[in-house]
Amino acid sequence: MKTRKIPMRKCVACQEMKPKKELVRIVRSPEGEVSVDPTGKKSGRGAYLCNQHSCFVLAKKKNSLGNQLKTTISEEVYAELEKGVQ
Ligand SMILES: [Zn+2]
C-alpha cells in the first residue's frame, strides 16, 4: 500500500498545520491584487486560513493575512472570506 502524501499548509491565524484542502487560500497576484482562491490554483503569493469563523476573526484582528502577503487586505476581501468560511 502506498501512502499518499497530503500537502500540509499552515493557517496564518492559529498557526496549525492542516491538509491544504481544509484551508482557504488567499492569494496576492503578481499585479498586487488580493483575492480568495477557492481552486488553489491561482499564481502569486498565497496565505492559508482554516475554513472556520474563529480563524477568520483572529486573522482579521491580527492582520495576519496582510502581514503574510505584505499588502493591505481590503474590506471586500474580508467580506468574501467571511462568506466562504463556516
Ligand atoms: Zn486556523
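Refer to the structure printed above.
So, here's what we can say about the structure. What you see is a predicted model; the values in this text were computed from it and never measured.

## Examining the coordination of the zinc ion
Here comes step 1: Cys11 (SG), Cys14 (SG), Cys50 (SG) and Cys55 (SG) make up the full set of protein donors to the zinc ion, lying at 2.2 to 2.3 Å.
Here comes step 2: The site at the zinc ion holds four donor atoms, and with the angles between them running 103 to 116 degrees, its shape is tetrahedral.
Here comes step 3: One chain supplies every donor to the zinc ion, and in sequence these donors are spaced C-x2-C-x35-C-x4-C.

## Examining the packing of aromatic side chains
Here comes step 1: Considering all chains together, one arrives at one aromatic pair under this definition.
Here comes step 2: Ring centres of phenylalanine 56 and tyrosine 78 lie 6.2 Å apart, and the angle between their planes is 75 degrees; on these two criteria the pair is classed as edge-to-face. One end of the pair, phenylalanine 56, is in helix 1 (residues 53-62); the other, tyrosine 78, is in helix 3 (residues 75-84), and 22 residues separate them in sequence.

## A word on the sheet that holds strand 4 (residues 34-37)
Sheets are built from strands that pair by backbone hydrogen bonding, the pairs being arranged parallel or antiparallel.
Here comes step 1: If you walk across this open sheet you meet the three strands as 4-3-5, and the pairing is antiparallel. Each edge of the open sheet carries a strand with a single partner, namely strand 4 and strand 5 (45-50). This sheet shows a mean twist of 30 degrees between the axes of neighbouring strands, independent of strand direction.
Here comes step 2: Its contacts with the sheet place helix 3 against strand 3 (23-28), strand 4 and strand 5, and it is angled at close to 10 degrees to strand 4.

Conventions and cut-offs
Along each chain, numbering runs from 1 in the same order as the chain's sequence is written. pLDDT decides what is reported in this predicted model: residues at 70 or higher carry local features, side-chain atom pairs at 80 or more are listed and counted, and totals for whole chains, interfaces and linings draw on all residues regardless. Side-chain descriptors were evaluated using all non-hydrogen atoms of the structure, hydrogens and water having been removed beforehand. Listed donor atoms are N, O and S within 2.8 Å of the metal (Na, K and Ca: 3.2 Å). As water is not included, a site may look incomplete. Geometry is assigned from donor-metal-donor angles: four donors are tetrahedral when every angle falls between 85 and 135 degrees, four are square planar and six octahedral when opposite donors sit over 155 degrees apart with all other angles between 65 and 115, and any other arrangement is irregular. Two rings from Phe, Tyr or Trp (for Trp, the six-membered ring) form a pair when their centres are within 6.5 Å of each other. A pair whose planes differ by under 30 degrees is stacked, one over 60 is edge-to-face, and the rest are tilted. Helix and strand assignments come from DSSP, with helices taken as H or I runs of at least 4 residues and strands as E runs of at least 2, each series counted from the N terminus. In short, DSSP must find at least two bridges between two strands for them to pair. The axes are straight lines fitted to the C-alpha atoms, using for helices just the contacting stretch, and the angles between their N-to-C directions are given from 0 to 180°. Any two residues having at least one pair of non-hydrogen atoms within 4.5 Å are treated as being in contact.

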